[in-house]
Amino acid sequence: MGGYDADFVGPISADYLCPICQLAFRDPVQTRDCGHRFCESCLEPILRKPPAFCPIDRRTLTREKVYPDRACKRTVLSLTVKCYNSGNECDWTGELINLPTHLENCKRVPIKCVNNCGRTDIPRDQMSTHVDVDGDCPLAIVPCQYTDIGCKFKGRRNEMEKHIQDNTQVHLDLAHVRIRELEQRQEYVCTNGKFLWKISNYSQLFQQSATKKEKEKLCSPPFLHRTVWLQAKSRGFP
Ligand SMILES: [Zn+2]
Ligand SMILES: [Zn+2]
Ligand SMILES: [Zn+2]
Ligand SMILES: [Zn+2]
Ligand SMILES: [Zn+2]
């Protein structure tokens, strides 16, 4: 485990650095005979294989000659540190002892995607954006892009391409239904032109129509007639 690899504010006295790991003491212990200090976890492997010797002066060491240095521990824990995410827009500073609590709440801590898409580097405060309908998580649940013409399908973003491919006919049928509805509301279209965006969506459908047969169907005279007619109607109404 070793000492604290924290981002201390200002230089840290050599008195608080473990001679084994060169980091600030974590749970420091002191040797009774020679008074040297080490992190508990740094000295443990040495004590485990007797005969043990102090790494500084080679004096004989036993577990009985080593005790926790609580005063030193308290001092190290009261040193001022920056948040680990200080390079990532978190400007928190505080005592080392309070760092774990801060990290539990730090908005800039990178965490694992809640959808398990594989990303582990998303700052906590960006997670809702990442998994949002407009975010970039491939596993976010999003509505079909043809929701406005009545497709009710919702699925993972990375399944959407397949849905579009597999349901061209369904989407075309929905578009037909919507066009018929629009025609019935022609009075409304004439007065404020609000439904015209649905027609540009229809031309998008046309571009995505996979088969020649579908395109022929879209280009059939009754359809073209309707489209041209609706466009013509729209021009007078910006
Ligand atoms: Zn150490
Ligand atoms: Zn020693
Ligand atoms: Zn922070
Ligand atoms: Zn994700
Ligand atoms: Zn759909």
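Anything mentioned here points back to the structure above.
Criteria and cut-off values
Residues numbered from 1 in each chain as written. Chains lettered and ligands numbered in written order. Predicted model: local features only at pLDDT ≥ 70, side-chain atom pairs only at ≥ 80, totals over all residues. Pairing = 2+ DSSP bridges. Helix = DSSP H or I, 4+ residues; strand = E, 2+ residues; numbered from the N terminus. Axes fitted to C-alpha atoms, helices over the stretch in contact; angles between N-to-C directions. Contact = placed C-beta atoms within 7 Å. Expected span 1.5 Å × (residues − 1). Buried ≥ 20, exposed ≤ 12 C-beta atoms within 10 Å, placed from the backbone. Arc of directions from axis to C-beta. Core = buried A, V, L, I, M, F, W, Y, C linked by C-beta atoms within 7 Å.

Participant: Before we go on, may I ask you to explain the sheet that holds strand E3 (residues 37–39) in this structure?
Facilitator: Strands in a sheet are paired, the pairing made by backbone hydrogen bonds, and the direction either parallel or antiparallel. Taken in spatial order, the three strands line up as E3-E2-E6 in an open sheet, and their pairing is antiparallel. For this open sheet the edge positions go to E3 and strand E6 (66–68), each flanked by a neighbour on one side alone. Geometrically, the sheet is characterised by an average inter-axis angle of 35 degrees between neighbouring strands, direction not taken into account. In this sheet, E6 lies alongside strand E2 (residues 28–31) in antiparallel orientation, the contact comprising three bridges. Its bridge partner being in E6, Thr31 is matched across the sheet by Val66. Across the sheet, helix H1 (residues 40–47) lies against E2, E3 and E6, angled at about 95 degrees from E3, the strand it touches most.

Participant: I'm lost on helix H6 (residues 168–184) in this one. Help?
Facilitator: The α-helix advances 3.6 residues per turn, and as a result positions three or four apart in sequence lie on the same side. Over its 17 residues, H6 extends 24 Å from the first C-alpha to the last, a length consistent with the 24 Å expected when each residue adds 1.5 Å. Three or more residues of H6 are buried, namely His171, Leu172, Leu174 and Ala175. Summarising the axial view, the buried residues of H6 lie within an arc of 160 degrees, below the 170-degree limit, and thus occupy one face. Seen from the open side of H6, the exposed residues pointing more than 90 degrees away from its buried face are Val177, Arg180, Glu183 and Gln184.

Participant: Can you walk me through unusual backbone geometry in this structure?
Facilitator: Leaving glycine out, the prevailing phi sign among residues is negative, and the prevailing peptide bond configuration is trans. Omega for the bond connecting Pro50 with Pro51 falls within 30 degrees of zero, at 0 degrees, which places this linkage in the cis form. With respect to the helices, strands and loops of the structure, Pro51 is situated in the loop between H1 and strand E4 (52–53). At Glu89, a residue that is not glycine, the phi angle is positive and equals roughly 70 degrees. Tracing the sequence through the fold places Glu89 in the loop between strand E7 (80–82) and strand E8 (93–95). The phi dihedral of Asn116 falls on the positive side, at around 60 degrees, and the residue is not glycine. Note on placement: Asn116 falls in the loop between strand E9 (110–111) and strand E10 (122–123). The exposure class of Asn116 is exposed, given the 9 C-beta atoms found within 10 Å.

Participant: How do you make sense of the nonpolar core when you look at a structure like this?
Facilitator: Most often, soluble globular proteins keep nonpolar side chains buried together rather than apart. Core analysis: the largest hydrophobic core is formed by 13 residues, its most contacted members being Cys18, Phe25, Phe38, Cys39, Cys42 and Leu43. Discounting residues that sit within four places of it in the chain, Cys18 has contacts with Gly3, Leu23, Phe25, Phe38, Cys39 and Cys42. Grouped together as the second largest cluster of nonpolar side chains are six residues, Cys144, Leu172, Leu174 and Ala175 included.

Participant: What am I meant to see in the sheet that holds strand E1 (residues 7–8) here?
Facilitator: Ordered by their spatial adjacency, three strands build an open sheet running E1-E7-E8, and the pairing between neighbours is antiparallel. In this open sheet, the two edge strands, each paired with only one partner strand, are E1 and E8.

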